[in-house]
Amino acid sequence: MSTAGRARVMVWHRAPADDADAVAKAYDQISRHLEGTPGLIGNELLRSTKDPHRLVVLSEWESLAAFRVWEEGVSHRPSTSPLRQYQDREQENFFEVFEVSAAF
């Protein structure tokens, strides 16, 4: 099965010093809400092995077009709002979209 043409979206987050699980809690809430979203293949929450307060949400989409349709839709902002407060805005690019150009 080819994954070329799929899109992967990465959003960097930072959990508060006093609640290392805050991002995970918000991620769980959002993931349940997004279940069944057209074009969304799945997502993962990745935690840094060096800094447990630094996390990345990686979502995989059937295509860049499918992601853009969802991103520009009316449900995008409300459905992801629980995580927004934890976005790591100190990153130069706290949000990046990649299109899979090759996979083995």
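The structure displayed is predicted, hence computed values, not measured ones. Along each chain, residues carry numbers from 1 onward, in the same order as the chain's sequence is written. Where local features are concerned, this predicted model is filtered to residues with pLDDT of at least 70; where side-chain atom pairs are given and counted, the filter is 80 or more; whole-chain, interface and lining totals use all residues. For side-chain calculations, the full set of non-hydrogen atoms in the structure is used, while hydrogens and water are omitted.

A. Main features of the pairing of strand β2 (residues 40-47). As paired elements, β2 and strand β3 (residues 54-61) share 7 bridges and run antiparallel to each other. Looking at β3, one finds that Glu-44 is bridged to Leu-58. Hairpin geometry of β2 and β3 is characterised by an intervening segment of 6 residues between the two adjacent antiparallel strands. Here, strands pair whenever DSSP counts at least two bridges between them. Helix and strand definitions follow DSSP, with helices as H or I runs of at least four residues and strands as E runs of at least two, each counted in order from the N terminus.

B. Local environment of the nonpolar core. Membership of the largest hydrophobic core comes to 19 residues, with the highest contact counts inside it found for Val-23, Trp-61, Leu-83 and Tyr-86. Residue assignment for this core shows that the elements contributing at least two residues are β1 (7-14), α1 (22-34), β3 and α2 (64-72). It is α1 that provides the largest number of residues to this core, a total of 6 residues. Contact partners of Tyr-86, with chain neighbours within four places excluded, come to Trp-12, His-13, Arg-14, Pro-16, Ala-22, Val-23 and Ala-26. To qualify as a nonpolar core, a set must consist of buried Ala, Val, Leu, Ile, Met, Phe, Trp, Tyr and Cys residues joined through side-chain atoms within 4.5 Å. Between buried and exposed lies partly exposed: a residue is buried under 20% and exposed over 50% of the maximum accessible area for its type, with that area taken using a 1.4 Å probe on protein chains only. In what follows, residue pairs with any heavy atoms lying within 4.5 Å of each other are defined as contacts.

C. Highlighting the sheet that holds strand β4 (residues 95-99). Reading across from one edge, β2-β3-β1-β4 is the order of the 4 strands in this open sheet, with antiparallel pairing throughout. At either margin of the open sheet sits one strand with a lone partner, and together these are β2 and β4. Within the sheet, the average angular offset between the axes of one strand and its neighbour, ignoring direction, is 15°. Bridging between β1 and β4 involves 5 bridges; their strand directions are antiparallel. What sits directly across from Ala-7, in β4, is Glu-99. Interaxial angle, 0 to 180 degrees, is taken between N-to-C directions of lines fitted to C-alpha atoms, where a helix line uses only the stretch in contact.

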